[in-house]
Amino acid sequence: QVQLVESGGGLVQAGGSLRLSCAASGTFFSINTMGWYRQAPGKQRVLVAAISSGGSTNYADSVKGRFTISRDNAKNTVYLQMNSLKPEDTAVYYCALQEGWTVTVADSSWGQGTQVTVSS
């Protein structure tokens with residue numbers, strides 16, 4: 001069983017930055033993908049960024065050039081550096097982990113979520 005604990009959310013003005021962290025514990029394969037999803041009120045949960053244990057990354061078009069995902073495999077921790085934040089980035093951000101080379105809503109383990117609010 002996988003446990004994911006997120007931290008780093010908060011309130012920030014537009015143009016500001018935040019860094020999210022997510023530490024994974026429990027039992028899972030060393031080959032895995034960790035990612036960040038977000039869910040705004042009344043909307044579906046969508047992928048923001050993901051990174052495999054090998055270091056391959058992918059980003060939603062809406063965050064390319066502003067957000068950077070990274071991970072420390074020794075600490076089983078994934079980070080999301082969010083720069084140039086916009087009000088439309090406001091959402092609950094969820095950390096996800098899935099064994100293998102992809103991360104999906106259906107098959108991931110989830111953290112509890114952390115609120116990110118960007119004021120205009």
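It should be noted that the structure appears before, not after, this text.
Below, the structure is looked at part by part. Please read all numbers here as calculations on a predicted model, not as lab measurements.

Parameters and conventions
Residues numbered from 1 in each chain as written. Predicted model: local features only at pLDDT ≥ 70, side-chain atom pairs only at ≥ 80, totals over all residues. Heavy atoms only, no water. Disulfide = S-S within 2.5 Å. Helix = DSSP H or I, 4+ residues; strand = E, 2+ residues; numbered from the N terminus. Buried < 20%, exposed > 50% of the residue type's maximum accessible area, 1.4 Å probe, protein only. Phe/Tyr/Trp six-rings, centres within 6.5 Å; stacked < 30°, edge-to-face > 60°. Pairing = 2+ DSSP bridges. Axes fitted to C-alpha atoms, helices over the stretch in contact; angles between N-to-C directions.

### Remarks on the state of the cysteines
Applying the stated criterion across every chain yields a total of 1 disulfide. Here C22 pairs with C95 through a disulfide, and the sulfurs are 2.1 Å apart. Every disulfide takes its handedness from the sign of the S-S torsion; for C22 and C95 that torsion is -85°, giving left-handed. Of the two residues, C22 is situated in strand β3 (residues 18–26) and C95 in strand β9 (residues 91–99); the sequence distance between them amounts to 73 residues. The class of C22 is buried, set by a relative accessible area of 0%.

### A few points about the packing of aromatic side chains
Going through the model one piece at a time under the given rule, you end up with 2 aromatic pairs. The interplanar angle of 70° and the centroid separation of 5.0 Å between the aromatic rings of Y37 and W110 together place this pair among those described as edge-to-face. Here Y37, found in strand β4 (residues 32–39), pairs with W110, found in strand β10 (residues 109–110); they are 73 residues apart in sequence, far enough to count as distant. A relative accessible area of 4% places Y37 in the buried class. Ring centres 6.4 Å apart and planes at 85° place the aromatic pair Y94 and W110 in the edge-to-face group.

### Looking at the sheet that holds strand β1 (residues 2–7)
In space, the 4 strands of this open sheet follow the order β1-β3-β8-β7, with antiparallel pairing throughout. Taken across any chain shown, the strands that pair with only one partner, and hence form the sheet edges, are β1 and β7 (67–72). Ignoring which end each strand starts from, the neighbouring axes of this sheet average 15° apart. Relative to strand β8 (residues 77–82), β3 runs antiparallel, the two sharing 6 bridges. Across the sheet, residue A23 finds its bridge partner in β8, namely T77.

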